[in-house]
Amino acid sequence: MVNLNNLQLPRQFALEAEAIACGKQRLQESTRKLEEKSYASASVYGVASIREALPVLIKKIEDTKWKIKNGQNGKFYQPIAKYLDELEPLAIATIILKVTFDRVFNAPETKVADKLTPILDSIGSALEAECKFRWYNREHPEFMEYLNRVYFHEACGTQQKETIASQKFGERDIRWDRWPTKTKISLGRWGLVSLIETTGWFEISKKRSSIKRHLYRVVPTDLFKSKREELIKSAELFAGIPWPMLVTPDEWDYDVNGGVIYGGYITNRMMRGHQLTRRGNPTIIHGKVPMAFLNKLQNVKYRVSTVVLDTALVLKKLKRSVGKFIPITEAYKPPRPPDADEDSEKSLAWRRAMAEAYNTDRINFKRSVRTRTQLEAAEKFRYEEYYYLPWSFDYRGRAYPIPAFLTPQDTDFGKSLIRFADESPLTKDAEKWLSFQVATTAGLDKDTMSDRLKWVEDNKDLITRVALDPIDNLPDWEKVEEPWQFMAACHEHYHCCIKRDKKTTGLMVAVDATCSGLQILAGLAKDKSTAELVNVAPADKPSDAYKAVATEAKKYLPEYMHPWMVRKTTKRTVMTIPYNSTKDSSRSYIRESLREQGIEPTTEELTQVVNAVYQSMDAIVPGPMRVMRWIKKHVGEYIKNGAEVVEWVTPSGFIVNQRRDNIETERMELQLLGRVSIRVPKPNGEIIASPRKHKLSTAPNYIHSIDASLLHRSFQQFNGPFTVIHDSVLTRATDMGTLNELVRKTYKEIFTSDCWLTRFGEAINASEPPPIVGTLDPEVVEKSTYFFC
């Protein structure tokens with residue numbers, strides 16, 4: 001029998017070589033465009049270099065400011081003391097570095113942009129702009145908030161924002177006291193000299209010009225040229241486009257010495273650009289179960305859904321957005337008024353309208369990037385009979401595809417573009433699960449199974465219209481919960497269950513955990529009341545923890561607030577509390593939800609609602625809340641007692657190694673350059689574990705590691721094609737019944753075989769036993785229809 005893998009190997013090698021070459025070309029093109037637009041500071045070498053230079057330049061600026069305060073005089077100190085007193089060293093250093101990189105590298109040497117005086121003036125002008133905008137915000141905060149809301153948007157550059165602000169403030173006769181040009185050049189000279197002295201990356205060259213005068217330029221030194229070349233070459237090594245594969249990805253494994261045998265792409269064993277465990281400790285050897293899971297996941301074959309792709313290409317041509325599908329669209333450009341030359345007001349209005357239209361075009365272009373890349377990948381693999389995805393773990397054991405597109409971990413549109421290449425025969429059970437997928441993607445994910453099936457039966461005409469002509473019947477599907485997956489499910493259901501001209505199915509059918517964090521915590525704490533809320537325990541219809549919390553919260557609120565408490569109000573908070581979300585986060589989630597309902601709570605009312613939600617969580621899910629507090633307390637003690645990392649073994653044998661070091665970060669929001677941050681190094685390079693960070697992250701990471709183990713173990717006995725999205729599993733409709741049963745069985749086995757909280761307590765030397773409620777028998781999950789649904 002011919003090994004198809006061997007036949008495809010030459011194409012795969014060519015594909016990986018092309019991916020590397022294309023990635024390199026894109027990186028070079030991106031760097032060139034950034035330099036041409038005076039944005040070299042945003043290039044790969046600019047970002048890395050500025051991050052490296054910030055600490056030493058900040059120290060130089062701090063020393064200068066200290067000398068000024070202590071009466072020491074220096075060449076540039078008078079203007080620094082007068083004009084830069086309010087600017088922090090981080091702000092000053094960032095501006096100096098950004099302007100220098102942008103101006104020095106923005107053009108070939110034949111152009112004048114790297115002349116000395118213009119660079120000095122640019123540095124001084126940028127420092128002035130930061131001070132000016134701070135003055136605007138301090139003296140006229142309401143008007144600045146108005147400008148931010150109405151005129152500033154993501155397509156606005158710094159120069160455009162400056163122009164708009166100056167014009168609008170000028171119209172109100174509010175004017176900034178401009179700095180003298182001599183002062184700006186003096187400040188620029190000090191900034192440039194400080195940068196040259198601290199890094200050695202730039203120098204001032206003197207050349208005789210054609211008119212017998214000296215021409216001074218700022219140029220990179222040989223030291224920096226070498227550094228820049230090294231940074232670009234390093235980036236090129238990892239710039240390859242991670243496309244899907246035409247052959248089975250290489251298996252991940254360990255050699256006899258415990259070293260990782262690199263898997264995934266064929267070239268990965270040599271390049272080592274993709275690690276087995278992202279952000280993990282590479283010396284750890286994980287158990288056989290997670291490795292078998294990952295390699296089995298890599299053996300799944302996919303193909304592009306041509307039905308979805310063809311529909312998308314038509315909508316692209318029509319420039320019609322649907323959900324997360326956002327093609328390039330162009331804003332209306334008004335024609336120039338015929339009398340614009342005579343009427344200055346009409347001319348000005350037209351120029352403003354055109355500027356706004358072009359700004360809108362730039363925003364639309366940015367928003368369409370993902371859709372354009374998704375379509376490019378889909379068209380590239382359109383005619384392939386099948387393709388594969390290489391995968392790797394994160395440090396908690398969750399699996400992620402290495403490619404960014406044509407994977408199940410994508411947007412609604414991205415997911416709809418793919419299906420399993422190996423199709424399975426239709427059965428009665430498969431028809432039920434196809435109906436389930438149609439109803440769930442339509443938005444009936446909280447309905448009972450019978451209600452979902454009935455909805456599909458009652459909407460055969462709708463499903464038929466969408467399947468036969470998705471373009472002409474776009475209003476029938478564009479506004480549903482997951483429009484693209486719904487359209488794909490309608491097409492599959494129509495041909496398999498209505499017209500019946502298709503005898504196999506390859507559609508990916510998904511079932512999700514119900515509030516996964518609480519499901520795991522219910523098992524860990526053996527808490528029956530929580531298990532009943534999140535469908536671990538069997539019930540006639542899906543339980544709704546979000547609604548239950550909303551109902552309970554009413555007990556702690558005045559009656560007029562009761563209508564506010566619906567499942568939507570509490571959903572994100574209930575979802576994220578198991579992952580240690582803060583009350584500040586909950587305030588944001590709840591405020592946003594109430595505003596969507598047309599309610600604008602006062603600060604006091606919002607505080608009442610947040611507190612009520614937390615009180616109701618303690619009342620109806622006491623076990624999980626106690627477990628989280630226990631983990632937080634004892635992990636904090638473990639780190640305070642000298643531990644550097646927290647490490648535990650999951651039920652699948654995956655070893656989690658969690659580092660949370662106490663690295664101080666200084667952050668600042670600059671008025672025109674945006675947010676900047678810098679890591680503050682410890683003396684002598686000392687690294688200290690942070691009890692606070694470990695306390696915040698251990699409970700959520702522990703939960704994620706357990707839900708990852710649930711999937712690692714569930715698929716050991718499953719032989720059909722499958723894929724995963726964190727706490728969601730996907731397979732063919734024919735196999736979903738089997739997989740659903742396996743997931744429930746595995747949950748039961750995990751939580752009846754051992755007390756994982758006790759094991760975790762031993763790993764961190766906990767001084768108290770874990771808070772086990774003990775009211776849940778995990779075996780009941782085997783009869784729960786809605787555990788994963």
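Bear in mind that the values here come from a model prediction, so they are computed numbers and not experimental data.

Criteria and cut-off values
Residues numbered from 1 in each chain as written. Predicted model: local features only at pLDDT ≥ 70, side-chain atom pairs only at ≥ 80, totals over all residues. Heavy atoms only, no water. Helix = DSSP H or I, 4+ residues; strand = E, 2+ residues; numbered from the N terminus. Buried < 20%, exposed > 50% of the residue type's maximum accessible area, 1.4 Å probe, protein only. Patch = residues over 30% accessible without salt bridge, like charges linked within 9 Å, V, L, I, M, F, W, Y side chains within 5 Å. Areas by Shrake-Rupley, 256 points an atom, 1.4 Å probe, with all protein chains shown as cover. Salt bridge = Lys/Arg side-chain N within 4 Å of Asp/Glu carboxyl O. Phe/Tyr/Trp six-rings, centres within 6.5 Å; stacked < 30°, edge-to-face > 60°. Lys NZ or Arg CZ within 6 Å of the ring centre and 35° of its normal. Pairing = 2+ DSSP bridges. Core = buried A, V, L, I, M, F, W, Y, C linked by side-chain atoms within 4.5 Å. Contact = heavy atoms within 4.5 Å. Axes fitted to C-alpha atoms, helices over the stretch in contact; angles between N-to-C directions.

We now examine the environment of Val104. Here Val104 is to be found in helix α4 (residues 89-104). Looking at Val104, the relative accessible area reads 6%, which means it is buried. Between the C-alpha atom of Val104 and that of Val219, which follows or precedes it by 115 residues, the distance is 6.6 Å.

This next bit is on helix α19 (residues 483-498). Because each turn of an α-helix spans 3.6 residues, side chains separated by three or four positions in sequence point in the same direction. Extensive coverage of α19 is indicated by the burial of 15 of its 16 residues. Phi turns positive, to about 60°, at Arg500, one or two residues after α19.

With that settled, the discussion passes to a nonpolar patch on the surface. Residues Leu237, Phe238, Met270 and Met271 make up a contiguous nonpolar surface patch of about 440 Å² in total accessible area. By the element assignment, Met270 lies in helix α10 (residues 268-271). Overall, the relative accessible area of 67% leaves Met270 in the exposed class.

With that out of the way, let us pick up the packing of aromatic side chains. This structure, assessed with the given rule, holds 41 aromatic pairs. One aromatic cluster is present, formed by Phe133, Trp135, Tyr136, Phe143, Tyr146, Phe169 and Trp176 through successive ring pairs. One Lys or Arg, Arg336, reaches over the ring of Trp350 and ends 5.7 Å from the middle of that ring. A cation over an aromatic ring shows up here: Lys380 above the ring of Trp243, its NZ or CZ 4.3 Å from the ring centre.

Our next topic: the pairing of strand β7 (residues 391-394). As defined by bridge partners, strand β5 (residues 277-278) adjoins β7 across two bridges and the pair is classed as parallel. Note on β7: the bridge partner recorded for Thr277 is Phe393. Hairpin geometry of β7 and strand β8 (residues 399-401) is characterised by an intervening segment of four residues between the two adjacent antiparallel strands and by a positive phi of about 105° at Gly397.

Counting residues in each nonpolar core, the largest one holds 156 residues, and the members touching the most others are Trp484 and Val724. Excluding residues within four positions of it along the chain, Trp484 makes contact with Val308, Thr311, Ala312, Leu315, Val322, Phe325, Asp412, Phe413, Ser416 and Trp477. One finds Ile95, Phe101, Cys131 and Val218 within the second-largest nonpolar core, a separate group that totals 53 residues.

Attention shifts here to the sheet that holds strand β18 (residues 728-731). Strand pairing within a sheet occurs via backbone hydrogen bonds; the two strands may be parallel or antiparallel. The strand order β12-β18-β17 describes an open sheet built from three strands, whose pairing is antiparallel. Every interior strand has two partners, whereas the edge strands, β12 (509-512) and β17 (722-725), have only one. Mean inter-strand twist for the sheet, computed between neighbouring axes without regard to direction, equals 25°. Both β12 and β18 contribute to a ladder of four bridges, which runs antiparallel. Pairing of Val509 across the sheet is with Thr731, part of β18.

Spatial strand order, β5-β7-β8: three strands in an open sheet with mixed pairing. This sheet does not close on itself; its edge strands, each paired only once, are β5 and β8. Against the sheet, helix α11 (residues 288-298) contacts β7 and β8, and its axis sits at roughly 145° relative to β7.

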